[in-house]
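This is what each chain is made of:
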Amino acid sequence: MAKSKHAEIVVIGAGPGGYAAAFRAADLGKQVILVDKDPTLGGVCLNRGCIPSKALLHLSKTMEEASHLSKMGITYGEPQIDLDAIRAHKDKIVLQLNEGIAQMAKDRKVEWVKGAATFTSNSELRVKTDVGDIAISFNKCIVAAGSASATIPGLPADHPSVLTSRTALDLVDIPKRLLVIGGGIIGLELGQVYAALGSRVSVVERLPHLLPGTDSDLVRPLQRKLKKQFKSIQLSSKVTKVEASEGGTLEVTIENEKGTKKEFFNKALVSVGRKPNTGLLNIEATDVEVNEHGFINVDVYQQTSEKNIFAIGDIVGNPMLAHKATHEGKVAAEVASGHPAAFDVQAIPSVVYTDPEVAWAGLTETEAKDNGIAYEKGEFPWAASGKAIAMNANQGKTKILFDPENKKVLGVGIVGTGAGDMISEGMLAIEMGADAEDISLTVHPHPTLGETFGMAAEVFEGTITDLYVP
Amino acid sequence: MIKEIILPELGEGIDGAEVSEVSVVVGGVVAVDETIVVLESDKASMEIPADVSGTITEILVEAGDELKSGCLLMKIETTEKNVETKATEQRAPLTEPEPKTEELAPPEQETAFEIPRSSENVFASPGVRRLARELGINIQIIKGSGQKGRITKDDLNGYIKLQMAMSSGSASTPKQEVDFSRWGDVEIQKLTRIKRIAGERLQSAWQSIPHVTQFDEADITDIDAYRKKLKTEGIKNGTKVTFLPFLMKAATIVLKERPAFNSSLDHTDQNLVFKNYYHLGIAVDTPNGLTVPVVRDVDKKSIFDLSENLRDLSSRARDKKLKPDEMKGATFTISSLGGIGGTGFSPIVNPPEVAILGVSRSAWKQVFDKKAGEFQARFVMPFSLSYDHRVIDGAAAAAFTSRLAVVLSDLSYFKD
């Protein structure tokens, strides 16, 4: 029969949540086994998500900036695109980080088992590895098995021309015409990459907005830019059918209130959301409760209904974000090691890494209006920022939502270059309970994009001198 | 198999106790319920019995040790099989059991802490919120001392210190050491545990209750004569009738008429709890210090019953044989120094009670009888009532003592 091992703590999934959990548990003195079905550590985020997409977005953004220089007196020739070199560049970045994680696992004496894990009971896993099955019994298990791209009906999902975020990042070729199904974060990021590399990109979004749920004033500058970069942005429209023809082109049926039409594309990227990988784990062998959306139910200690099994990250629910998973992973590791930790945060930031970036944290205006939450707003348009103008980033804006009673920060929204980096100050303000004057009285360096955060608070306070507010 | 003997819960409000005697030796044989250790605690001594029979293999405590519930006392080699090894479970929750063979240990933190589901409306940074979890503090109840009411780490530390001071009954600051031998010869004697505990409680009561004392006198000439009669009767069946049962009966009569004196403030200090039972604490002076055994349901007992109760309780109090339960649940207390002397004193209320009766030495006095138009010799008992002014007003207290004086002067209340 199979080999067997025992772990004080076993972690399923070596993504940003899983390896954080494993490393934290090891640092707390536990004997840890980290199981992942991929040949490398880092999960979707590192291997086919956040990191490779950011490597490519950096290229597309730099290309865009370079071409813009012609308006400032510097002209380059047409870009020469060597897809193999780009792919190699991206893979090199991923590999470097893979190796970093593997080294850290080794340094911490975290045992890495490569294979797909399934539960056989509340205290045992079966891992299918290249060298046969291994049974791993455990005192505590942390499930960090993540999520996978969801799909829609009427789609030949297995066809090579139908891409997911994962295959799109493989950069097999640059399709002449690319359909992006779903105008969410992943669709827009990858759409922008392919557009920069030469694809004519069309986005079809079911809802009337891009980045559904995001405040429309934050989406608008991005949408303006995408309108120029993409061939079309079709909102309130639905892809009902995708058929592959003999020649490899895809015949796509798109429906909206005006009617039904057919368009032809070389490739289609399906980015309609992600679904938890709960189904791969034989979770039925345990007493872990799973909700109707397939997410594992957990409490603030990341504990499932089976007290020895914890779950973190995408598999426990939205938002499916790496930084949420990492924090949850540490909480699970600490609680499983007997420490009084809990996932007790005021907000989780979201970032869209397009150009311009869109980032928000805490309360959004959309949410406030939907739920009748009172707020007041301080907003600073980047058109009044010297730095933004110098950087050709004057489309951006920084806004802060305040509690009308105590003037504390409820939420922050930023659109513009570097918004994802700037949102951290908003997060700190929310977690620390900073109010408008705390921010406006904090000296921000000039000239920076970051000072727009202080200025938004000054607008709210009425102390702004970089704008004239009658 | 070896069974570990653990100090059980000693009862509500008793955190620890001092070992006064270890009754067994290593190698000795004990039977179930045989006393193995005697503890001196909270105004009483307690005998801890063995819960299994067997041979003592190891004794881990000695006289003078300060113990808490859950402490390992000794190990006994039992002859019984499958004795539940509660001890191991309690003592080793943090070590992971051996692989594969064990019942899976529950997460260690399960009951160790609790945090409110959300930190909504809590003005504290993430680090402070984490410290609150680690200290097991519900951060929702902490008042922030920082700017704009921010909760700081100091606030949490201050809260813990306050809790510790409150649980030990005093908020005393360290005192400066004084070398009394500079002025002459001195001797040092350790306070008994009873004195230490009583001292802390008295200090806490004195500091937390706004005390007022009302003084009065009662003409007990007739009851005293009646008591002497009963005493003679009592001697026949072996009961010594003292004056105290009469006082207890009289006090209970007035407590029934004035329920506020038989009440307590609840923990919020917002509500009064009226008690429909009359358990009187009786202060008893013992060689080790003051103890207050409780006589239950005074209203339902006869003078003879009460006399017998009192004799039993006070003799056991002197021998430190009172059970912790016998010192709890009083609704009102009587402290009588009548047998010793004095014309009046102000006793300290014994919380959560709200009043206490102090009795001084009775004496023959010339009292002018207006009706008869002459002075008469009357046996007069001076007494005092200290009360919690948050609950009882001065007028009510004066009415209480006047009424008590009336009851004590009227024999009809005591004759069945």
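Residues numbered from 1 in each chain as written. Chains lettered and ligands numbered in written order. Predicted model: local features only at pLDDT ≥ 70, side-chain atom pairs only at ≥ 80, totals over all residues.

Student: What exactly am I supposed to notice about the overall build of chain B here?
Tutor: A tally of helices and strands in chain B yields eight helices and 19 strands. By sequence separation, contacts in chain B at least 24 residues apart represent 63% of the contacts at least 6 residues apart. (Helix = DSSP H or I, 4+ residues; strand = E, 2+ residues; numbered from the N terminus. Contact = placed C-beta atoms within 7 Å.)

Student: Help me out: how do you make sense of the overall build of chain A in this one?
Tutor: Along the backbone of chain A there are 13 helices and 22 strands. The buried share of chain A, reckoned over its 470 residues, is 50%. For chain A, long-range pairs separated by at least 24 residues make up 65% of all intrachain contacts whose partners lie at least 6 apart in sequence. (Buried ≥ 20, exposed ≤ 12 C-beta atoms within 10 Å, placed from the backbone.)

Student: When you look at helix 3 (residues 50-68) of chain A in this model, what are you seeing that I'm missing?
Tutor: An α-helical segment advances 3.6 residues per turn. Residues three or four places apart therefore align on the same side. All names here are of chain A. Helix length check: helix 3, at 19 residues, gives a terminal C-alpha distance of 26 Å against a target of 27 Å (1.5 Å per residue), a fit within 8%. All of the buried residues in helix 3 are Cys-50, Ile-51, Pro-52, Ser-53, Leu-56, Ser-60 and Lys-61. Buried residues along helix 3 sit against helix 2 (43-48), helix 4 (83-107), helix 6 (185-197) and helix 8 (322-336). (Expected span 1.5 Å × (residues − 1).)

Student: Whenever I open this one, the sheet that holds strand 8 (residues 72-78) of chain B confuses me. Can you help?
Tutor: Strand pairs in the sheet, formed through backbone hydrogen bonds, run parallel or antiparallel to each other. Residue and element names in this part refer to chain B. Strand order in this open sheet of four strands is 1-8-6-3, and the pairing throughout is antiparallel. Taken across any chain shown, the strands that pair with only one partner, and hence form the sheet edges, are strand 1 (2-6) and strand 3 (29-30). As defined by bridge partners, strand 1 adjoins strand 8 across five bridges and the pair is classed as antiparallel. Looking at strand 8, one finds that Ile-5 is bridged to Met-74. (Pairing = 2+ DSSP bridges.)

Student: I tried to follow the nonpolar core on my own but got confused; where do I start?
Tutor: Soluble globular proteins: nonpolar side chains tend toward being buried together. All names here are of chain A. In terms of nonpolar packing, the biggest core is built from 75 residues, with Leu-179, Ile-181, Ala-268, Leu-269, Val-358 and Ile-423 touching the most fellow members. Counting residues per element, this core draws most heavily on helix 6, at nine residues. Looking at which domains feed residues into this core, each of domain 2 (162-272) and domain 3 (350-461) gives three or more. Once residues lying within four places of it in the same chain are set aside, the contact partners of Ala-268 are Ser-161, Val-162, Leu-163, Leu-179, Ile-181, Val-242, Leu-250 and Val-252. (Core = buried A, V, L, I, M, F, W, Y, C linked by C-beta atoms within 7 Å. Domains from an automatic or database assignment.)

Student: Sorry, what's going on with unusual backbone geometry here?
Tutor: In terms of backbone geometry, most residues other than glycine have negative phi values and most peptide bonds are trans. Residues and elements named next belong to chain A. The residue after Asn-318, namely Pro-319, is reached through a cis peptide bond having omega -5°. With respect to the secondary-structure elements, Pro-319 resides in the loop between strand 17 (309-311) and helix 8. Following His-446, the chain continues into Pro-447 via a peptide bond in cis, with omega recorded as -5°. Positionally, Pro-447 belongs in the loop between helix 12 (436-440) and helix 13 (451-461). Not every positive phi belongs to a glycine, and Ser-236 is a case in point at roughly 50°. When the 14 C-beta atoms within 10 Å are taken as the criterion, Ser-236 is described as partly exposed.

Student: It is not clear to me how the environment of Leu-28 of chain A should be interpreted in this structure. Could you clarify?
Tutor: Residues and elements named next belong to chain A. Mapped onto the elements of the fold, Leu-28 is located in the loop between helix 1 (16-27) and strand 2 (32-36). With 309 residues separating them along the chain, Leu-28 and Ser-337 place their C-alpha atoms 7.0 Å apart. Once residues lying within four places of it in the same chain are set aside, the contact partners of Leu-28 are Ala-333, Glu-334, Ser-337 and His-339.

Student: Help me understand the sheet that holds strand 14 (residues 259-265) of chain A, please; the structure alone is not making it clear to me.
Tutor: All names here are of chain A. In space, the three strands of this open sheet follow the order 12-13-14, with antiparallel pairing throughout. Every interior strand has two partners, whereas the edge strands, strand 12 (238-244) and strand 14, have only one. Between one strand axis and the next, the sheet turns through 20° on average, direction left out of account. Note that strand 12 and strand 13 (residues 250-256) share six bridges and pair antiparallel. Along strand 13, the bridge assignment pairs Lys-238 with Glu-255. (Axes fitted to C-alpha atoms, helices over the stretch in contact; angles between N-to-C directions.)

Student: Looking at this structure, I do not really get the packing of helix 3 of chain A against helix 4 of chain A. What am I missing?
Tutor: Two numbers describe a pair of packed helices, the interaxial angle and the distance between the axes. Residues and elements named next belong to chain A. Interaxial distance between helix 3 and helix 4 falls to 9 Å at its minimum, and their mutual angle equals 140°. Here helix 3 is positioned oblique relative to helix 4, judged by the angle of their axes. Handedness of the helix 3/helix 4 crossing: right-handed. Of the residues in helix 4, those in contact with Ile-51, Pro-52, Ala-55, Leu-56 and Leu-59 of helix 3 are Ile-86, His-89, Lys-90, Ile-93, Val-94 and Leu-97. (Parallel < 35°, antiparallel > 145°, perpendicular 65-115°, else oblique. Left-handed = near helix turned anticlockwise from the far one by under 90°.)

Student: Got a minute to help me understand helix 5 (residues 221-236) of chain B in this structure?
Tutor: All names here are of chain B. In this model, helix 5 (16 residues) spans 24 Å end to end at C-alpha, consistent with the 22 Å of a helix rising 1.5 Å per residue. Considered for burial, the residues of helix 5 that qualify are Thr-221, Ile-223 and Arg-227. The buried residues of helix 5 occupy an angular sector of 150° when projected down its axis, which confines them to one face. Opposite the buried face of helix 5, by more than 90 degrees, sit the exposed residues Ala-225, Lys-228, Lys-229, Thr-232, Glu-233 and Lys-236. At its buried positions, helix 5 is contacted by strand 9 (211-219), helix 6 (244-257), strand 19 (374-388) and helix 8 (394-409). (Arc of directions from axis to C-beta.)

Student: Before we go on, may I ask you to explain the confidence of the model for chain B in this structure?
Tutor: Low pLDDT means the predicted coordinates in that region are not meant to be read closely. Residue and element names in this part refer to chain B. Put simply, chain B has an average pLDDT of 82, and 85% of its residues get 70 or more. The secondary-structure element of chain B with the lowest mean pLDDT is helix 1 (residues 86-91), recorded at 40, while strand 17 (residues 355-359) shows the highest, at 96. As a predicted assembly, this complex carries a pTM of 0.62 together with an ipTM value of 0.75. (pLDDT = per-residue confidence, 0-100.)

Student: I'm lost on the pairing of strand 22 (residues 409-416) of chain A in this one. Help?
Tutor: Strand residues, when the strand is regular, have side chains that alternate between the two faces of the sheet. Residue and element names in this part refer to chain A. For strand 22, a buried count of eight out of eight residues is recorded, marking the element as mostly surrounded by other parts of the structure. The pairing of strand 19 (residues 357-362) with strand 22 spans six bridges and is classified as antiparallel. Paired with Trp-360 across the bridge in strand 22 is Gly-413. In the sheet, strand 21 (residues 397-402) pairs with strand 22 via six bridges, with the strands oriented antiparallel.

Student: How do you make sense of the packing of helix 3 of chain A against helix 6 of chain A when you look at a structure like this?
Tutor: Residue and element names in this part refer to chain A. Interhelical geometry of helix 3 versus helix 6 gives an angle of 50° and a closest axis separation of 9 Å. Taken together, helix 3 and helix 6 sit at an angle that is classed as oblique. Considering how the two elements wind past one another, helix 3 and helix 6 form a crossing that is left-handed. When helix 3 is examined against helix 6, the residues Ser-53, Leu-56, Leu-57, Ser-60, Met-63 and Glu-64 are found in contact with a partner set consisting of Glu-189, Leu-190, Gln-192, Val-193 and Ala-196. Classifying every residue of the contact of helix 3 with helix 6 gives six nonpolar, three polar and two charged. (Nonpolar A, V, L, I, M, F, W, Y, C, P; charged D, E, K, R; others polar.)

Student: Honestly, the environment of Ile-5 of chain B in this entry has me stumped. Any pointers?
Tutor: Residue and element names in this part refer to chain B. Positionally, Ile-5 belongs in strand 1. On the neighbour-count criterion, Ile-5 (26 C-beta atoms within 10 Å) is buried. Here the alpha-carbon distance between Ile-5 and Leu-73, two residues 68 residues apart in the chain, equals 5.5 Å. Excluding its chain neighbours within four sequence positions, the residues that come into contact with Ile-5 are Ile-36, Ala-50, Asp-51, Leu-73, Met-74 and Ile-76.

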